[in-house]
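Each chain, written out:
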Amino acid sequence: MNYSNFIFLAICSAVVFSCSSSNEKSTVNDPMVSGEYKLSEDRKKLEELRSQVPADKKEENDELAFMQGLFANPTVEPSKIREKFQVAVSRKRELFNRDMQKRREAFVRAERKEREEFNKSLEQERKQFGTSKHSADERKEFFGTLDQKRKDGYAASRLKRDDFEADMRDKRKNFDDYMKEKTSTFNEQHKIYSQKFLDLKKEKAPTPPANNL
C-alpha cells in the first residue's frame, strides 16, 4: 500500500468514526420524540375542542366523567365507592346551603336599607310640608297621600319578599330533585358494580382442596 492510499483510508476512517460518534451523542442527548409528536400536542387539541363545547354540554360531560370515575377501578370495595359519592354529595349540599344563606343575608340587608331610605324620604316630605302653613283640606290631602305612599311602599316590599322566598323555594326544590336524580343513577350503577365486584371476587378466590377419602 502506497502512502497516498494510506492517507485516503485514514481520512475515510476518521469520517466514519466522526459520524458514528455524532450519532451516538445525538442518541444519548436528544429526546425520544420531537415535541410535535408528543401526547401534549393531542391534549392541547383536546382542550381547544373542549373550549368550543357549550357550557351546558360541558357540565353534562363533567358529570358523566365523575360518575364513571367512581366505578373506574373494579377492585375498589363497593362500600368505599358509596362513601366517596356520599362525601361529594354532602360537600355540594353544604356549598349550596352556604350560598343560599349568603343570598338571604344579602336580600335582608338590601331590604332593610331600602325600607330605611323609604321611611326617611317620607319623613323628609312630612317635615318639608310642615315648614309652611296649610289649610285643613290641604293637610288632610297631604297626609292622606303620604299614608297611601307608605302603604304602597310596604305592599311593594312584601311583594318583593314573596318573590324572593318563592325563588329560594324553587332553587332548593331544584337542587333536591337534582340530587335525588343523581343518587338514583348512582344506586343503579352501584348495584351493577357490586354484582360484578362479587363475581370477580369469586373468580379470584382459591379453590378449596378436595377431600381424599
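Peer 1: Tell me about the overall build of the chain, and please be specific about residues and values.
Peer 2: Helix and strand counts for the chain come out as 5 helices and 0 strands. Of the regular secondary structure in the chain, the N- to C-terminal order runs α-α-α-α-α. For the chain, with 213 residues in total, the buried portion stands at 12%. Within the chain, contacts between residues separated by at least 24 positions form 77% of all contacts whose residues are at least 6 apart in sequence. Approximately 17,700 Å² of the chain is accessible, and the part contributed by carbon and sulfur atoms is 55%.

Peer 1: Just give me the short version of the nonpolar core, but keep the residues and values in it.
Peer 2: Generally speaking, soluble globular proteins have nonpolar side chains that are buried together. Grouped together as the largest cluster of nonpolar side chains are 16 residues, with contacts concentrated most on M67, L70, F71, I81, F85, F186 and Y193. Those elements that place two or more of their residues in this core are helix 3 (55-70), helix 4 (78-129) and helix 5 (136-204). The biggest single contributor to this core is helix 5, with 7 residues. If sequence neighbours within four positions are ignored, L70 has contacts with I81, K84, F85 and F186.

Peer 1: Give me the lowdown on the confidence of the model for the chain, citing residues and values where you can.
Peer 2: For the chain, mean pLDDT is 81; residues scoring 70 or higher make up 73% of the total. Taken element by element, the chain is modelled with least confidence in helix 1 (residues 3-29), mean pLDDT 43, and with most confidence in helix 4, mean pLDDT 96. Note on residues 1-28: pLDDT is under 50 here. Beyond four places in sequence and across chains, it has 2 contacts. Scored below 50 in pLDDT, residues 32-41 makes 3 contacts in the model with residues more than four places away or belonging to other chains.

Peer 1: Account for the side chain of E111, naming residues and giving values.
Peer 2: Of note, E111 is situated in helix 4. What makes E111 buried here is its relative accessible area of 12%. Once residues within four sequence positions are removed from consideration, E111 is found in contact with S157 and R161.

Peer 1: Just give me the short version of the pattern of salt bridges, but keep the residues and values in it.
Peer 2: Evaluated as defined, the whole model comprises 15 salt bridges. Across the pair R115 and E111 runs a salt bridge whose closest N-O atoms are separated by 3.9 Å. Taken as a pair, R115 and E111 lie in helix 4 at a separation of 4 residues, close to a single helical turn. The exposure class of R115 is partly exposed, given its relative accessible area of 35%. R161 is paired through a salt bridge with E111; the nearest N and O atoms lie 2.7 Å apart. In this pair, R161 is assigned in helix 5 and E111 in helix 4, connecting sequence segments 50 residues apart.

Peer 1: Residue-level account of the packing of aromatic side chains, with values.
Peer 2: Enumeration according to the criterion identifies 10 aromatic pairs in this entry. Relative to F142, the ring of F129 has its centre 3.9 Å away and its plane inclined at 0 degrees; by these criteria the two rings are stacked. Remark: F142 occurs in helix 5 and F129 occurs in helix 4; sequence separation between them is 13 residues. Joined through ring pairs, the aromatic side chains of F71, F85, F186, Y193 and F197 make up one cluster.

Peer 1: Hey, could you go over the packing of helix 4 against helix 5 for me, with residue numbers and the actual values?
Peer 2: Viewed as axis vectors pointing N to C, helix 4 and helix 5 meet at an angle of 175 degrees, and their least axial separation amounts to 11 Å. Of the possible angle classes, the one that applies to helix 4 and helix 5 is roughly antiparallel. Looking at side-chain class alone, the contact of helix 4 with helix 5 contains 22 nonpolar, 9 polar and 22 charged residues.

Quick notes on the rules
- Residues numbered from 1 in each chain as written.
- Predicted model: local features only at pLDDT ≥ 70, side-chain atom pairs only at ≥ 80, totals over all residues.
- Heavy atoms only, no water.
- Helix = DSSP H or I, 4+ residues; strand = E, 2+ residues; numbered from the N terminus.
- Buried < 20%, exposed > 50% of the residue type's maximum accessible area, 1.4 Å probe, protein only.
- Contact = heavy atoms within 4.5 Å.
- Areas by Shrake-Rupley, 256 points an atom, 1.4 Å probe, with all protein chains shown as cover.
- Core = buried A, V, L, I, M, F, W, Y, C linked by side-chain atoms within 4.5 Å.
- pLDDT = per-residue confidence, 0-100.
- Salt bridge = Lys/Arg side-chain N within 4 Å of Asp/Glu carboxyl O.
- Phe/Tyr/Trp six-rings, centres within 6.5 Å; stacked < 30°, edge-to-face > 60°.
- Axes fitted to C-alpha atoms, helices over the stretch in contact; angles between N-to-C directions.
- Parallel < 35°, antiparallel > 145°, perpendicular 65-115°, else oblique.
- Nonpolar A, V, L, I, M, F, W, Y, C, P; charged D, E, K, R; others polar.

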